[in-house]
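# Structural description and commentary
One letter stands for each residue in the lines below.
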Amino acid sequence: MVLLGDEFPNFKANTTIGEIQFHDWLDKKWAIFFSHPSDYTPVCTTELAEVVNLMPEFEKRNFKVIALSCDSVASHLGWIEDIKSYAKCYSEGFPYPIIADENRELAVQLGMIDPLEKDKDGLPLTARAVFIIDPEAKMRLSILYPATTGRNFREVLRVMDSLTLTEKYPVATPVNWKPGDNVMILPTLSEEDAPSFFANISTIALPSEKKYLRMTNCDGLVP
Ligand code: BEZ
């Protein structure tokens, strides 16, 4: 089981682009890793197709993308044609690799097995995990959905924007934040130091009279 801040395992795996060693593939970039229970399943097909269509958004943010499904490379290569068809993607090739985890070794190692959902043979399914890994190979985000719930990849893009912004500035992003919205100044930044980072600070009055709800706008903050 990998926890936030842990080094993501440097596993070796077969993928649709050949064998990879994970840290070499990562190549000191940000990455999103997302997993699937199995090939030729309806929800997974819609998710992988969505990621095909969102590739320009991942590329704009300089994020690498890798998927995992618990079937063989040969199966993935056949399934890719269905995914491309569903995505209405008519270009050559496939824009990101898919790891073959036939024996569920990575699914177990990365804590992705859901004991509550079973396949037709009664075996526990692999959940829909999303991991974000930073250029130092540290895991920075982990979300786990059951197999029966498809993910919202626009939410994943939003998190990526928050992570790269809060990495650079002493801010945190509030509820339902989206790029361009105001951000919160970290409680660890003192009242004296805050003005040297931010030109516009507004402090929200609260019954406690504590001045912890400090906002600033995103002007000049580049993720
Ligand atoms: C699906 O991708 O549709 C799916 C896979 C496993 C369990 C439930 C749904």
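Everything discussed here concerns the structure shown above.
Anyway, here's the lowdown on the structure attached to this text. (Residues numbered from 1 in each chain as written. Predicted model: local features only at pLDDT ≥ 70, side-chain atom pairs only at ≥ 80, totals over all residues. Heavy atoms only, no water.)

## Digging into the packing of aromatic side chains
The final tally for this structure, using the stated rule, is 15 aromatic pairs. Judged by centre distance (4.9 Å) and plane angle (20°), the ring pair of F11 and F22 falls under stacked. One end of the pair, F11, is in the segment before β1 (12-15); the other, F22, is in helix α1 (residues 22-26), and 11 residues separate them in sequence. For F11, a relative accessible area of 6% puts it in the buried group. Judged by relative accessible area, which is 0%, F22 ranks as buried. Connected via pairs of aromatic rings, a cluster forms that spans F8, F11, F22, W25, F33 and F131. (Phe/Tyr/Trp six-rings, centres within 6.5 Å; stacked < 30°, edge-to-face > 60°. Helix = DSSP H or I, 4+ residues; strand = E, 2+ residues; numbered from the N terminus. Buried < 20%, exposed > 50% of the residue type's maximum accessible area, 1.4 Å probe, protein only.)

## Quick look at the nonpolar core
Grouped together as the largest cluster of nonpolar side chains are 31 residues, with contacts concentrated most on F34, F58 and Y96. If you list the elements that add at least two residues to this core, you get β3 (30-36), α2 (42-60), β4 (63-69), α3 (73-87), β8 (128-133) and α5 (153-168). Tallying contributions element by element places α2 first for this core, with eight residues. Setting aside chain neighbours within four positions, we find F58 in contact with I32, V51, F63, V65, L157 and M160. (Core = buried A, V, L, I, M, F, W, Y, C linked by side-chain atoms within 4.5 Å. Contact = heavy atoms within 4.5 Å.)

## Focus on the environment of C70
Along the chain, C70 falls in the loop between β4 and α3. Along the chain, C70 and E192 lie 122 residues apart, while their C-alpha atoms are 53 Å from each other. Discounting chain neighbours no more than four positions away, the residues touching C70 are H36, P37, S38, D101, E102, R104, A107 and T126.

## Considering the sheet that holds strand β10 (residues 171-172)
Here four strands make up an open sheet; going across it, the order is β10-β11-β13-β12 and the pairing antiparallel. Taken across any chain shown, the strands that pair with only one partner, and hence form the sheet edges, are β10 and β12 (201-203). As defined by bridge partners, strand β11 (residues 183-185) adjoins strand β13 (residues 214-216) across two bridges and the pair is classed as antiparallel. Across the sheet, V183 pairs through a bridge with T216, a residue of β13. (Pairing = 2+ DSSP bridges.)

## Digging into the pattern of salt bridges
If the charged atoms of two oppositely charged side chains come close together, the side chains can form a pair. Applying the stated criterion to the full structure yields 12 salt bridges. Between R158 and E155 there is a salt bridge; the shortest N-O distance is 2.7 Å. Taken together, the positions of R158 and E155, both in helix α5 and three residues apart, correspond to about one turn of that helix. For E155, a relative accessible area of 27% corresponds to the partly exposed category. When salt bridges with common partners are traced through the structure, they connect E57, K60, R61 and D161 into a single cluster. (Salt bridge = Lys/Arg side-chain N within 4 Å of Asp/Glu carboxyl O.)

## A few points about the side chain of S69
Summarising the element assignment, S69 is placed in strand β4. Looking at S69, its side chain comes within polar contact range of the side chain of D39, at 2.6 Å. Among residues more than four places away in sequence, those in contact with S69 are H36, P37, S38, D39, H76, W79, I98, I99, A100 and D101. (Polar contact = N/O pair within 3.5 Å; in protein donor to acceptor, adjacent residues only side chain to side chain.)

By themselves, these observations are geometric and do not establish any function.
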